[in-house]
Amino acid sequence: VDLSTSIAGVTLPNLLLNASGVNCRYENELQQLLDSSAGSLVTKSATLSSRDGNPEPRYAPLAGQIGSINSMGLPNQGYEYYLEYAKKFDYNNAAGKPLFISLAGMSLPDNKAMCEAFRDANLPCVLEINFSCPNLPGKPQLGYDMEAMEAALQVLAPIIGKPFGIKLPPYFDIAHFDQAAAIFNKFDNIAYVTCINSVGNGLAIDWESETALIKPKDGFGGLGGLMVLQTSLANVNAFYRRLNNGKQVIGCGGVTSGKEAFLHILAGASAVQIGTQLQEEGTGVFERVSKELEEIMVAKGYTNVEEFRGKVKTL
Ligand code: RRO
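Attention here is on the structure that accompanies the text. (Residues numbered from 1 in each chain as written. Predicted model: local features only at pLDDT ≥ 70, side-chain atom pairs only at ≥ 80, totals over all residues. Heavy atoms only, no water.)

Side note on the overall build of the protein
Put simply, the test is: Strands here mean DSSP runs of E at least two residues long; helices mean DSSP runs of H or I at least four residues long; both are numbered from the N terminus. What the globule rule says is 2.2 Å times the number of residues to the power 0.38, and the radius of gyration is computed from C-alpha atoms. Exposed residues in this analysis have more than 50% of their type's maximum accessible area, buried residues have under 20%, and partly exposed residues fall in between, with area computed by a 1.4 Å probe over protein chains only. By definition in these notes, contact holds between two residues if any of their heavy atoms fall within 4.5 Å. All accessibility values rest on the Shrake-Rupley procedure with a 1.4 Å probe; residue burial counts only the protein chains present in the view. Charged residues are defined here as Lys and Arg on the positive side and Asp and Glu on the negative side; His and the ends of the chain fall outside this count. Charge positions are represented by NZ for Lys, CZ for Arg, CG for Asp and CD for Glu.
Counting its regular elements, the protein contains nine helices and 16 strands. Over its C-alpha atoms the protein spans a radius of gyration of 18 Å, differing by no more than 12% from the 20 Å that the globule rule assigns to 315 residues. C-alpha atoms of the protein, sized along the principal axes, occupy 55 × 50 × 40 Å. Per-residue burial for the protein yields a buried fraction of 56% across its 315 residues. When contacts within the protein are restricted to residue pairs at least 6 apart in sequence, long-range pairs at least 24 apart make up 73% of them. Accessible surface for the protein amounts to roughly 13300 Å². Of this, 50% is attributable to carbon and sulfur atoms. For the protein, the centre of its 25 positive side-chain charges and the centre of its 32 negative side-chain charges are spaced 4 Å apart.

Side note on the packing of aromatic side chains
The cut-off we apply is this: For Phe, Tyr and Trp, rings pair up if their centres lie within 6.5 Å, where Trp contributes its six-membered ring, and each pair is then called stacked (planes under 30 degrees apart), edge-to-face (over 60) or tilted (otherwise).
Under the defined criterion, the tally for this structure stands at twelve aromatic pairs. For the ring pair Phe100 and Tyr192, a centre distance of 6.0 Å and an interplane angle of 80° mean the geometry is edge-to-face. Of this pair, Phe100 sits in strand S7 (residues 99-103) while Tyr192 sits in strand S10 (residues 190-195), and the two are 92 residues apart along the sequence. Of the residues examined, Phe100 reaches a relative accessible area of 1% and is grouped as buried. Tyr192 gets classed as buried once you look at its relative accessible area, which sits at 0%. Measuring from centroid to centroid gives 5.8 Å for Tyr144 and Tyr171, while their planes differ by 80°, and the two rings are edge-to-face. In this pair, Tyr144 sits in the loop between strand S8 (126-130) and helix H4 (146-160) while Tyr171 sits in the loop between strand S9 (164-168) and helix H5 (174-184), placing the two residues 27 residues apart along the sequence. Through a chain of ring-to-ring contacts, three or more aromatic side chains come together here, namely Tyr144, Tyr171, Phe177, Phe184 and Phe239.

Quick notes on the side chain of Ser36
Locating Ser36 in the fold gives a position in the loop between helix H1 (27-35) and strand S4 (41-42). For Ser36, a relative accessible area of 13% translates into the label buried. For Ser36, the contacting residues outside a window of four places in its chain are Lys97, Thr283 and Phe286.

Nothing here speaks to function; it is all geometry.
Structure follows, in structure tokens:
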């Protein structure tokens, strides 16, 4: 069976990749992704200058393998590190893996400067602009401010020029799906949206010690993993139904096995990212989930993902 896919003008030999943020801050981690069965890799969201992020502990798995909470606070090496990596990257690598670069400027001028630098470098990597970090004290998620998001896209889309993607927060209201999709449909070179970033500002508490699991923001942090699967699937499908002109959706959220990857594709995903499960299991997750997805496809008689992408049945 064939797990390949095309997004934003690049081909992935396998539609699984990491979720931005997990195992992708440093070159050695990016190399582990290249050495794995993942079909591509996306870098940690970059800011103009490097950041240490929030105080530790700032990530915790949740009991019962239901997911994770994080308030990393955008620790990253600064965009020049990832730009240098993108310059060195072997775009003709034997596995045929393309490179995605995530950018999360702290302001529109910062995003503008980073997009200009990548445009000037004229590289075949794909930009994924993160409009949805939930963990910066005092900074609301841009994805929840429709006017500010449209204004940002009006500046950034022409600078980027070529096809690019946006990392979105989860939406929970049909009106918000409608409003966000209507904005994205105005921009020809938005090639895809990634749904979803973590479900912002949950609070995980250990009942025995009566203490929050993570330190930043009084314990508040973004939720990921199996507990967000249905929210992810809804966001994937909502945008799959609303986006025009070949715009695609990358699914992210709640993938622990081939079964959830299959569900993301049924909901409309063209590629599927793995975050919490990658953090917990390591890069071997890609071989396991690929195999499980292939087994499901064989059992159902599918030979490629186009045969069932977006074909979820409704009652
Ligand atoms: O670094 C983070 O705290 C972080 C980011 Br930028 C993001 O987009 N999503 C997330 O769950 N954590």
